[in-house]
Amino acid sequence: MAGLRIDGYVIVSADGMLANADRVMPDQLKFEGDKRFFTSALDRADLIVHGRNSHEDQPNSPNRKRIVLTHGVSAVAPDPSNAKAVLWNPAGAGFEAACDLAGVHSGAVAIIGGPQVFAMFMDRYDTFWLSEAPRVRVPGGEPCFPGVPARTPRQVLAAHGLQAGEVQNLDSANGVTVTPWRRTR
Ligand SMILES: NC(=O)c1ccc[n+]([C@@H]2O[C@H](COP(=O)([O-])OP(=O)(O)OC[C@H]3O[C@@H](n4cnc5c(N)ncnc54)[C@H](OP(=O)(O)O)[C@@H]3O)[C@@H](O)[C@H]2O)c1
């Protein structure tokens, strides 16, 4: 959809994990600086997209339009539990149909995970904002993208035509940074 800008957001451990072995984001991966960055990005977004287990849980969450991926519907349907949400099964309908039902045809879309959802948009990101916590390891955790840890998250993004931009510090004490990976072609 020409009018939509698509950005991805994740924070990963040094070994490329976004959650622990129980598929829960561990406290070790939660940093105030990254939370501030992520919150302000979502406050600017027109639409949030995520899998059924990846709700961002922020004070402004109830105000945001969102598309939730689930096999619980055959195509697209309003979410009976949230007037601002649309349920989407990509096997039955395209992203455009989900955006139509959400009433969003232009503006910024934030893709916030989990791994299968990130993968689905890998060739469509305008920018992927990769936050990294280099002093945290999550052995046996859930990799942020399919193909990790055989390849690093950076290698996966580069293989999909994205290039690293200027690194921003989010938490100097813990070495946490965010890097925009932008599409160049
Ligand atoms: N560190 C970070 O920045 C970060 C980012 C994102 C997530 N996380 C954490 O990582 C964990 C991710 O959980 P998760 O692996 O369960 O991923 P998830 O994508 O949040 O949820 C998976 C569920 O989404 C639905 N889904 C995903 N892909 C689908 C598809 N192609 N078609 C239809 N439905 C689809 C399915 O729901 P149904 O079962 O209803 O069919 C599936 O069970 C969470 O704990 C989350 O908090 C961390």
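In the block above lies the structure referred to throughout.
Residues numbered from 1 in each chain as written. Predicted model: local features only at pLDDT ≥ 70, side-chain atom pairs only at ≥ 80, totals over all residues. Heavy atoms only, no water.

What about the packing of aromatic side chains?
Centre-to-centre distance and the angle between the planes together describe a pair of aromatic rings. On inspection of all chains with the given rule, the structure shows ten aromatic pairs. Arranged with centres 5.3 Å apart and planes meeting at 70°, the rings of Phe118 and Phe128 form a pair that is edge-to-face. On the criterion of sequence distance, the pair formed by Phe118 in helix α3 (residues 115–120) and Phe128 in strand β8 (residues 127–133) is long-range, its members being ten residues apart. As far as the burial class goes, Phe118 and Phe128 line up, both buried. Three or more aromatic residues link up through ring pairs in this structure, and these residues are Tyr9, Phe37, Phe38 and Trp129. (Phe/Tyr/Trp six-rings, centres within 6.5 Å; stacked < 30°, edge-to-face > 60°. Helix = DSSP H or I, 4+ residues; strand = E, 2+ residues; numbered from the N terminus. Buried < 20%, exposed > 50% of the residue type's maximum accessible area, 1.4 Å probe, protein only.)

Observations concerning helix α2 (residues 95–102)
Of the residues making up α2, those classed as buried are Phe95, Ala98, Cys99 and Ala102. Down the axis, α2 shows its buried residues gathered within 100° of arc, on one side only. Among the structural elements, β1 (4–13), β3 (47–51), β4 (66–69), β5 (76–78), β6 (85–88) and β7 (107–111) are those in contact with the buried residues of α2. Following α2 by one or two positions, Gly103 has its phi on the positive side, about 80°. (Arc of directions from axis to C-beta. Contact = heavy atoms within 4.5 Å.)

Some details on helix α1 (residues 32–44)
The end-to-end C-alpha separation of α1 is 18 Å, in line with the 18 Å expected for 13 residues at 1.5 Å each. Of the surrounding secondary structure, the elements contacted by the buried residues of α1 are β1, β3, β7, β8, β11 (168–171) and β12 (176–183). (Expected span 1.5 Å × (residues − 1).)

Considering the nonpolar core
Residues Val49, Ile67, Phe95 and Phe128 are the most contacted members of the largest nonpolar core, which totals 34 residues. In this view, Val49 contacts Ile67, Leu69, Phe95, Val109, Ala110, Ile111, Ile112, Gly113, Val117 and Phe121; residues no more than four positions away in its chain are not counted. If you look at the next biggest cluster of nonpolar residues, it comprises 20 residues, including Ala41, Leu42, Ile112 and Val176. (Core = buried A, V, L, I, M, F, W, Y, C linked by side-chain atoms within 4.5 Å.)

With respect to the side chain of Asp15
Along the polypeptide, Asp15 turns up in the loop between β1 and β2 (17–19). Among buried charged residues, Asp15 stands out as having no salt bridge; its nearest opposite-charge side chain is Arg137, 4.3 Å away. Within the structure, the side chain of Asp15 is placed 2.5 Å from the side chain of Ser13, a separation counted as a polar contact. A polar contact of 3.1 Å, which involves the side chain of Asp15, links it to the backbone nitrogen of Val138. Apart from residues no more than four positions distant in its own chain, Asp15 is found in contact with Val136, Arg137, Val138, Pro139, Val148 and Pro149. (Lys, Arg positive; Asp, Glu negative; His and termini not counted. Salt bridge = Lys/Arg side-chain N within 4 Å of Asp/Glu carboxyl O. Polar contact = N/O pair within 3.5 Å; in protein donor to acceptor, adjacent residues only side chain to side chain.)

Some points on the pattern of salt bridges
Applying the stated criterion across every chain yields a total of nine salt bridges. Between Glu96 and Arg124 there is a salt bridge, with its nearest N and O atoms 3.2 Å apart. With a gap of 28 residues between them, Glu96 in helix α2 and Arg124 in the loop between α3 and β8 connect regions that are remote in the sequence. Its salt-bridge partner being Glu132, residue Arg154 comes within 2.9 Å of it at the nearest N-O pair. One end of the pair, Arg154, is in helix α4 (residues 153–159); the other, Glu132, is in strand β8, with 22 residues separating them in the sequence. Among the residues examined, Glu132 registers a relative accessible area of 14% and is labelled buried. Salt bridges linked by common partners bring Asp43, Glu56, Arg64 and Arg66 together as one network.

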